[in-house]
Each structure stands twice: as C-alpha cells, then as structure tokens.
Amino acid sequence: MLVFTSVIFLITLAIFNHFPTDATIQDHSLYRTDFTLRGMPHSSNHVDRSFEIKELEKGLIQPANSHQKKRRIFVLYGLGGIGKTHLAASFARRHQATFDSIFWLDGSSHNQLKKSFAACARMIPKGQISERWRTSNVNSTDDLNAVITDVLDWLAETANTNWLLIFDNVDQIQTHNQSTGGYDLQRYLPVNHGSILITTRLAQLAQLGDSKRLRKTDRYLSKAIFQRWHGSMIIDIHDGGSELLDLLDGLPLALAQAASYIRETGIDISLYVQLYKTNWNDLMKTGVEFGSPLTDYERSIATTWVISLQAIEARSKSAAHLLRIWGFIDNKDFWHGLLQSATDGDPQWPEWLRTLARSEAKFLDSVRLLLRYSMVEIQGNVPNSFSMHPVVHKWTSYLQDDSDKKEFVKMAVLLVGLSVPTQEGDWASQQRLLPHAQKCLEWIGHANVDRAMLRTVNGRQAVEKLGLLFHRHGQLKEAEMMYQKLLSRLETIFGPDHPVTLQTVFELSALCITQGRMQEAELGLMRILQGLEYAPTAHVGLILNTVNNLGILDFKQGRYLEAHKLYMLALRRQEAIFGRESRDALSTANNLGRLYIAQGRFKEAEEILQRALDGLTKNLGPDHTVTLTVVNNLADLYPMIGRQSEAEILHQRALQGQIKSLGPNHVVTLDTVLSLGSFYLEHGRLSEAEAMLTRALHGYTRALGSNHRSTFSAMNNMGVVYLFQGRMQEAEVLLQQTVLDAQRAFGDICLIVSQTLQALQAYKGILNL
C-alpha cells in the first residue's frame, strides 16, 4: 500500500509539474492586451499564402511542450508591393488568440517607430507601466526614449513571454556606424524571450534570425489573387489571361490593381493587355527622362498604376486629384478633416476641392472609388481614415510633370498648414498633423513651392503655421528650417524690409529667444525696427511686439533697468492704441510682473499680474496657455508674500493645463516644471523637487541643448537638492560642471554662474562644519 501510494504521489506530482497551476495561468493572463488593428492594413480581398503562413508559425510560435522560452525572430524580406505587410497582418489576425499581446510597429522611419512604441504603452494593462505613458501623448525624444525603455522592460519581465512584436517596413538602417537616415533596429529587440516578426526590403536583415524571402507568386496563387480582387472572373488562358499573368509577373500589388481596373471598367483581358503594353513603353521613356532607368519590377507596378489612374480620372477627376495631392503628404492617416481649410471661400481653392471639403459624403465617394481600384486602403481601426501603399505613394508623386507637381504640392502645403490652429490646444489633433508637416517640409526643401502661393495671405500663413506646429512640439530645428525657407523666398518676392518679410523675421527671432541664441534674436529684432521705421501705422502692432521681445532679451540677460524701460514703452503704447484689456497689452503686463518679482517689487508684481490674469481669463479663457503663464508667475510670487499654500495649487493648475494644451515637453511646460521643482526645494520636499528638476533638466537638454540658461538653472537647483540630501560628491561635481559650462557660454557675470557659486560656497561651508 505504501509503494502504491508513493507511485500515485509521484504521478500526481509529475502531472502537477507538467501542467500550469491556476495561479500560473492567472499570472500569465495578467499580461494580456486587447488585440487592435490600429496601424495594420485591412483588406477583405487578401488571399492567404498558406505555405508562407506555416513557415511563420514554425518560426514564431513556441511549441506547446517547450519549457524553454527563448527569443524567436523571423525576417520576411522581399520587393516592395510583394505582399509582406499583408502576410504579416494575416498572421497576426489568425493568431490573435495564440499570443497574449500583439503589437504592430511602424518601422518606416526612426520617429514613426518610437511613436509606435508609445502607442503600445497605452495598451499595457494598468499598473504594469507608468500611468503617465498610458494616459498622455508623448512626442519629445527624451520622453519617447523613456517610454520605449519602459515598454522593453515590460516585454522583458520573466513571466511575460507570450507576445509578438511586428516591425513593419524596416527599410532604413544604420550600417558601419554611418547613418543613412535609418536607425539601429537591434536596440529595439528584446533579448530574452518573445516572438519578433520583421518585414523589410533589406536582405541583410535576414541574419537576425530565421528568414524567408517572399518571392513573386506562382501561377496558381497569381490567379487566385486576381480572381479574389476581381470578384467573379475566371482567367481564361486562351483569352489573354496567360499573357496578362506573365506581364504582371506575380506581383500582388499589380495583380490587385489590374483586377480592380478590369472589374470596374468591364473591359476584357485582351484589351487590358494592350493598354498595359502601351503604358509600359511610355514608362520606358519616362525613366530615361527622369534620369533613372526603371527596373522591370518598378515598371510593372507603375504601369498598372497609370492605367488605373486614367480610369479613375475618366470617372471622377476629383478622386484623381485627391490621389495626386495625397502623394505629397504622408501616406498614412488621410481623413476628411484635412480638407477643412478649403471651405474658407478663398478663390485659390479649385472647385472640386471645395466640393469635397464641404461634403464628407462626396469625399467618401471619391475614396471609395480609389478603394475599388486598389489605390488606397482602410487604415486599420481608425474611423474614416485611409492609407496608401508606400509603392503606390511613391509613384503618385513621381509620375507627375513639374507644373502639376508644383500645383499639388502647393495645395498639400496649404491644406496641412492651414489645418494648424492659431491658438494652442487639441494636442492630439496637432500630433496627427506632424507626419504630414514633415512631408511638406521635404517638398518645400525641394523648391516646389512657387512664388505665387507666397504672395497670398493664406500661402504665407500656411508655411508660418507649419513652423509654429514644429515650434509647439519642441521640434525646433524643423521650425527653424521652415522659417528660414520661407524667409529666403519672401526676401526675393517682397524685399528684405517689407512688413511681410519682417513678420517672418519676428517669428524666427522669437524662436532664437526660445533657443537662447540672444545675439541672433537681437539682430533680428533690431532689423525689424529699422525696416519699419517709416512704415504705415498699420504695422504698429508688430513694432510694439518687437519692443516687448527686446525687453524679454534684456530680462533674460539680467539687464533689468533696460528691460523695464522697454516693457513700459510697449505697454503704454499698446494700451493707448489697442486698449487696456487687449491681449498684447496684458501679455506685456505679465512680462512686467515677472520683472518686478526679480527686482523684489512684490506688491507691484501682485497688482499687475492679477490684472493680467483677470483680463486674459475674460478674453481668452482660464485654460488658455497665455493665461496659464500668468498663473505660474503668480505661483512663483506667492511664497514671497506669505501665500505658500496657494502657490502649489497654482503651479499644479498651470502645469496640468499646459500639458493638455502644449504637451509635456514644450518649453513653456518645462518652465512650470522647473518652477514647481524650485518650490519643492525651497520647502524642503526634496524627493519631489528631485523628480521635477530631473524632468525639467532632461526636457531642456533635449529641447534647448546643454548650454541653455534654462538647462543651467535646472542643473544649479539639482545640485542644491543634492547638497540638502547629503550627496556631497554628486553636488560638487554637478555644481562645478554648471559653473564651467555657464562661464564658457555666457561669461563670469552670468546670473546663473553667480547663483551656482553661492551654492558651492554653501557646500564648502557644510564641509567645514
């Protein structure tokens, strides 16, 4: 009986060890995320490639009896338009229950990849990653890097092994330590476990793991793809069908476009073959004219594209024109809202565009026609959003003559630029515009924006607003590029001292102030005053704003008396001309209040800041970013007049409002973060101070660089935190570094250097106790 019982026990123990317990299953399920189609292409006409699917299953799915969880990588590579992305999406949909989590990552560029990781963070269950990443939009490099680190750490957790990452369209990488516009993919591959699928045109990535070169489809699968897209026709090899399949050469994208065309037009295959051969010959000439001979593969895709475009144009010129505009913005996430600027009645908009802009139903009719011809796709699970295959997108911009290209680039820039709101707010919508703005910047850089557009108010506003969009999102280099390109063209069109030109000089000078490039900013502002010396009174607003900004320059450099004179000059004239409650006058009053705080004139500061707050709240609302700047200034003042408890409330109000309107990494938001960190420091709340100052320091370094005054202020205050925490060695290193860098950048008389030297003296005093 004892022996029997021991055997039963051993069998039971073996079964217990072999199968997971309820607790294990529960722990495993903690990592499950909702399956989403966001970012994945969607088509009801996709034909499964069963053999390739089986290879993916073998390479990516852990065997059920495997106790060793290791990382599995599968690289799917091949020509563009060969079907890699659709195959990956089909695998993901088929096995959404096999994996606890499936994340689709856009690998087409480094920036898009980082944003995809940020989107993944929002899908991770609550409590398993910082709530900040789950609930807020992330855009700056520092925050993107931080959220990527947290996502990779989550994927690396010991119990979290059953996930799939899909890196789609990884077609740009770094090689031999030289950047080709790409990135190091291996930095983003978790090392211990999980499954990773990569789609790419680059054969060299096959070395990362198991791989499969996706080749052109065989005759059987080509027929199946054609018939699925056509819907009913059975290809007859005796009626041109065999010749057509030979011409399309097993390219799924070309097969889809050809089948869609034949379905929509009702022509027979033999006639399509004739059309194809005619357009093929034309493309042979096009390749020579463009100076880049096309491969047979490229011509196969482009030929079907041209034939389909001609048919679309015959049925709807609006749909064809919409496709052409699309070629000059980002290929993903096109929605009706992008056309809203064309409803303003400006005669420069063509009638077809005004019609589509006014009616979403007619816009969707045009898109449905493009869908029927396989020119575009539905954009995953984003409502009423559409995308275009990268290969089709390439041809849409490539195969246009110079005059058409300039016209459609102009309309693309106008649509995207004028979609940027003049006032801050609606952060998510502005982020949605950024990829399109990046494309507009590229085309403007290619000198494809004509002078006629910049002679119009809307044209200039569109380009200025693109610069403003980059500025708001902390992409200061892109903002400067946009302003510089605009300025060079305006100088040619209007001359260097024309008010239109000088308005752009003003925007560029404001950007320089943000970046801490004071000498350049001052030169620009003085140029404006000299250029407008004899200008009509209509430009007095620009003149007074320039005087105000010169006051800001003096204030930031510690020249308080000079700043006071300029602020008072601007304020009195603004009140006299525009009214005491005008936005310009109240903004200058806010600057004056900030100056009074620095001078220790606290009563005057409170009076003028309260007046500015009341007026701006009435005119702009309590949550406008200009209003919130005054709120933060009052919060800085309150501890100095004994109102400490109110100060933190105001700081938090300003910070939350700025995060919502400007994002967490805007310079204005970071200024409030620095103020709140300094408040915590002054009140001995050292751990909270360290967290805020670290956030400010990282944000300033990313946005403004390591030699900016704001960066040095954060470094100085962080060093003081270390002093009070007893971390003497870290304090000395950081404070000495601040002194050396600030002296190198600004000289011995810099206020920041003086403050840091005082902190160092305090440090040495502590050591001598």
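Relevant structure appears above.
Residues numbered from 1 in each chain as written. Predicted model: local features only at pLDDT ≥ 70, side-chain atom pairs only at ≥ 80, totals over all residues. Heavy atoms only, no water.

Asks: Lay out the packing of aromatic side chains with the relevant residues and their values.
Replies: Within this structure, the stated rule accounts for 13 aromatic pairs. Seen in terms of ring centroids, F103 and W154 are 6.0 Å apart; in terms of plane orientation they differ by 55°. Their pairing is tilted. Taken together, the positions of F103 in strand β3 (residues 101–106) and W154 in helix α7 (residues 141–156) put the pair 51 residues apart, joining distant regions of the chain. When its relative accessible area of 1% is taken as the criterion, W154 is described as buried. (Phe/Tyr/Trp six-rings, centres within 6.5 Å; stacked < 30°, edge-to-face > 60°. Helix = DSSP H or I, 4+ residues; strand = E, 2+ residues; numbered from the N terminus. Buried < 20%, exposed > 50% of the residue type's maximum accessible area, 1.4 Å probe, protein only.)

Asks: If you had to explain unusual backbone geometry to someone new, which residues and values would you point to?
Replies: One non-glycine residue, N169, adopts positive backbone phi at about 60°. Residue placement: N169 occurs in the loop between β4 (163–168) and β5 (195–200). According to the relative accessible area criterion, N169 is buried, its value standing at 14%. Although it is not a glycine, D333 sits at a positive phi angle of roughly 60°. Relative to the helices and strands, D333 is located in the loop between α13 (317–326) and α14 (351–358). Classification of D333 as buried rests on a relative accessible area of 16%.

Asks: Lay out the sheet that holds β4 with the relevant residues and their values.
Replies: An order of β3-β4-β5-β2-β6 is seen for the five strands of this open sheet, with the pairing classed as parallel. Whereas interior strands pair on both sides, the edge strands pair on one side only; in this sheet they are β3 and β6 (210–213). In this sheet, adjacent strand axes meet at a mean angle of 15° when their direction is disregarded. Here β4 runs beside β5; their pairing, made up of four bridges, is parallel. Looking across to β5, one finds that I166 is bridged to L197. Helix α3 (residues 50–60) rests against β2 (72–77), β4, β5 and β6 of the sheet, and its axis sits at about 155° to β2. Taken strand by strand, helix α4 (residues 84–94) contacts β2, β3, β4 and β5, and its axis lies near 160° from that of β5. (Pairing = 2+ DSSP bridges. Axes fitted to C-alpha atoms, helices over the stretch in contact; angles between N-to-C directions. Contact = heavy atoms within 4.5 Å.)

Asks: Which residues make up the pairing of β3, and what values do they have?
Replies: In terms of burial, β3 is largely enclosed, as six of its six residues are buried. Pairing of β3 with β4 involves six bridges; the strand directions are parallel. Within β4, the position partnered with D106 by the bridge is D168.

Asks: Account for the pattern of salt bridges, naming residues and giving values.
Replies: Here the structure, examined in full by the defined rule, presents 31 salt bridges. We note a salt bridge from D365 to R368, for which the minimum N-O separation is 2.7 Å. Separated by three residues within a single helix, D365 and R368 lie in helix α15 (residues 360–372), roughly one turn from each other. Residue classification places D365 among the partly exposed positions, given a relative accessible area of 44%. Close ionic contact of E407 with K410 constitutes a salt bridge, the shortest N to O distance being 3.7 Å. A residue pair is termed a helical-turn pair when its members lie 3 or 4 positions apart in one helix, as E407 and K410 do in helix α17 (residues 402–419) at three residues. Among the residues examined, E407 registers a relative accessible area of 31% and is labelled partly exposed. Classification of K410 by relative accessible area gives buried; the value is 12%. Via salt bridges that share partners, R263, E264, R315 and R372 belong to a single interconnected network. (Salt bridge = Lys/Arg side-chain N within 4 Å of Asp/Glu carboxyl O.)

Asks: How would you explain the side chain of D330 if you had to name every residue and give the values?
Replies: Relative to the helices and strands, D330 is located in the loop between α13 and α14. The charged side chain of D330 is buried without a salt bridge, its nearest counter-charge being K439 at 5.5 Å. A distance of 3.3 Å separates the side chain of D330 from the backbone nitrogen of K332, its partner in a polar contact. (Lys, Arg positive; Asp, Glu negative; His and termini not counted. Polar contact = N/O pair within 3.5 Å; in protein donor to acceptor, adjacent residues only side chain to side chain.)

Asks: Please provide a residue-by-residue account of the environment of S222, values included.
Replies: Structurally, S222 can be placed in helix α8 (residues 219–230). We classify S222 as buried; its relative accessible area is 3%. For S222 and P252, which are 30 residues apart along the polypeptide, the C-alpha to C-alpha distance reads 7.3 Å. With sequence-adjacent residues up to four places away left out, S222 is seen in contact with T217, L245, G250 and L255.

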